[in-house]
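# Per-entry structural report
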Amino acid sequence: MELFHEDVLFENRTGGKAEGRENLRRAWSGRFPHHGGFRFVEEKAFIDESQQKVLYPWCLEWPSIEKGCESKPEKRRRSM
């Protein structure tokens, strides 16, 4: 979490949002203890200096805990 700016804005694939690092920590805290071995993989970063904005698309990879797919690789991609 220390890599995120204090004023981070995170939008998930369902339209949910978390504004601020501590709100993002709370939003994610229930998921990651049950998903060991996860990692975020950067796909590209787009930086607009004049607007002071960064778009950081990524793919989240972890071993699945879904019934019938336990430990198989699962990926979620943050699309643009």
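The preceding data block contains the structure.
Residues numbered from 1 in each chain as written. Predicted model: local features only at pLDDT ≥ 70, side-chain atom pairs only at ≥ 80, totals over all residues. Heavy atoms only, no water.

### Looking at the pattern of salt bridges
Note the threshold: Just to be clear on terms, a salt bridge is a Lys or Arg side-chain nitrogen sitting within 4 Å of an Asp or Glu carboxyl oxygen. Strands here mean DSSP runs of E at least two residues long; helices mean DSSP runs of H or I at least four residues long; both are numbered from the N terminus.
Throughout the structure, instances matching the rule amount to 2 salt bridges. A salt bridge links Arg21 to Glu6, with the shortest nitrogen-to-oxygen separation between them at 2.7 Å. Highlighted residues: Arg21 in helix α1 (residues 21-29) and Glu6 in the segment before β1 (9-11), separated in sequence by 15 residues.

### Concerning the environment of Glu19
So the rule is basically this: Residue burial is assigned from relative accessible area. The probe radius is 1.4 Å, only protein chains are included, and a residue is buried under 20% of its type maximum, exposed over 50%, and partly exposed in between. Working rule for contacts: check all heavy atoms of both residues, and any pair within 4.5 Å makes them a contact.
In this structure, Glu19 sits in strand β2 (residues 17-19). By relative accessible area, which is 55% here, Glu19 ends up exposed. When neighbours within four sequence positions are excluded, Glu19 is seen to be in contact with Val8 and Leu9.

### A word on the packing of aromatic side chains
Condition: Two aromatic rings, drawn from Phe, Tyr or Trp (for Trp, its six-membered ring), form a pair once their centres lie within 6.5 Å of each other, and the interplanar angle then sorts them: stacked below 30 degrees, edge-to-face above 60, tilted otherwise.
Applying the stated criterion across every chain, the model contains 2 aromatic pairs. Seen in terms of ring centroids, Phe4 and Trp28 are 5.8 Å apart; in terms of plane orientation they differ by 70°. Their pairing is edge-to-face. In this pair, Phe4 sits in the segment before β1 while Trp28 sits in helix α1, placing the two residues 24 residues apart along the sequence. Accessibility expressed as a relative area gives 30% for Phe4, which makes it partly exposed. Among the residues examined, Trp28 registers a relative accessible area of 12% and is labelled buried. Judged by centre distance (5.1 Å) and plane angle (85°), the ring pair of Phe10 and Trp28 falls under edge-to-face.

Honestly, that's just the spatial picture; any functional story needs more than this.
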